[in-house]
Amino acid sequence: MTYYTVCPDCGYKLLKASDGSNIEIYCPKCKAKLIVEIKDGKILIQKILAGKT
């Protein structure tokens, strides 16, 4: 099965992927860095926050 993923911040359609995918991507619209995991039919989207040093 193919799943579509959208950015949780701006709603931009990012990609389509299948079960077992593990993807790191930048949203081209809002520049958020995201990790997308699809496992057992569940989609997990994590936003990576840039730390200031």
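Residues numbered from 1 in each chain as written. Predicted model: local features only at pLDDT ≥ 70, side-chain atom pairs only at ≥ 80, totals over all residues. Heavy atoms only, no water.

Q: For this particular structure, what's the right way to read the overall build of the protein chain?
A: Across its full length, the protein chain carries zero helices and five strands. Counted from the first residue to the last, the protein chain has its helices and strands arranged as β-β-β-β-β. Structurally, the protein chain occupies a C-alpha span of about 40 × 20 × 10 Å along its principal axes. Within the span of the protein chain, comprising 53 residues, buried residues form 26% of the whole. Only carbon and sulfur atoms are counted for the fraction: they give 52% of the accessible area of the protein chain, which is about 4100 Å². Across the protein chain, the centroid of the 9 positively charged side chains sits 9 Å from that of the 5 negatively charged ones. (Helix = DSSP H or I, 4+ residues; strand = E, 2+ residues; numbered from the N terminus. Buried < 20%, exposed > 50% of the residue type's maximum accessible area, 1.4 Å probe, protein only. Areas by Shrake-Rupley, 256 points an atom, 1.4 Å probe, with all protein chains shown as cover. Lys, Arg positive; Asp, Glu negative; His and termini not counted. Charge placed at Lys NZ, Arg CZ, Asp CG, Glu CD.)

Q: Is there a simple way to explain the side chain of Thr-5 in this structure?
A: Along the polypeptide, Thr-5 turns up in strand β1 (residues 2–6). Accessibility expressed as a relative area gives 1% for Thr-5, which makes it buried. Sequence-distant contacts of Thr-5, defined by excluding residues within four places in its chain, comprise Tyr-12, Lys-13, Leu-14, Leu-15, Val-36, Ile-43 and Ile-45. (Contact = heavy atoms within 4.5 Å.)

Q: Explanation requested: the sheet that holds strand β3 (residues 22–26) in the structure shown.
A: Strand pairing in a sheet relies on backbone hydrogen bonds. The paired strands run either parallel or antiparallel. Taken together, the three strands give an open sheet; going across it, the order is β3-β4-β5, and neighbouring strands pair in antiparallel fashion. Two strands bound the open sheet, and with one partner strand each, they are β3 and β5 (42–48). For this sheet, the mean angle separating the axes of adjacent strands, direction not counted, is 20 degrees. Bridge analysis of β3 against strand β4 (residues 33–39) gives five bridges, and the strand direction is antiparallel. By the bridge assignment, Ile-23 is partnered in β4 with Val-36. (Pairing = 2+ DSSP bridges. Axes fitted to C-alpha atoms, helices over the stretch in contact; angles between N-to-C directions.)

Q: Which parts of the structure should I look at to understand the pairing of β4?
A: Sheet faces and side chains relate simply in a regular strand, where the side chains alternate between the two faces. The hairpin turn running from β3 into β4, its antiparallel successor, is six residues long, and Lys-31 in that turn takes a positive phi close to 65 degrees. Of the strand pairs in this sheet, β4 and β5 are connected by seven bridges, and their pairing is antiparallel. Directly across from Lys-33, in β5, lies its bridge partner Ile-48. Two successive antiparallel strands, β4 and β5, enclose a turn made up of two residues, where Asp-40 displays a positive phi of approximately 55 degrees.

Q: What exactly am I supposed to notice about the environment of Cys-10 here?
A: Assignment of secondary structure puts Cys-10 in the loop between β1 and β2 (13–18). By relative accessible area, which is 27% here, Cys-10 ends up partly exposed. Residues Cys-10 and Ala-32, spaced 22 residues apart in sequence, show a C-alpha to C-alpha distance of 9.3 Å. If we ignore the near neighbours within four places in the chain, the residues touching Cys-10 are Cys-27, Lys-29 and Cys-30.

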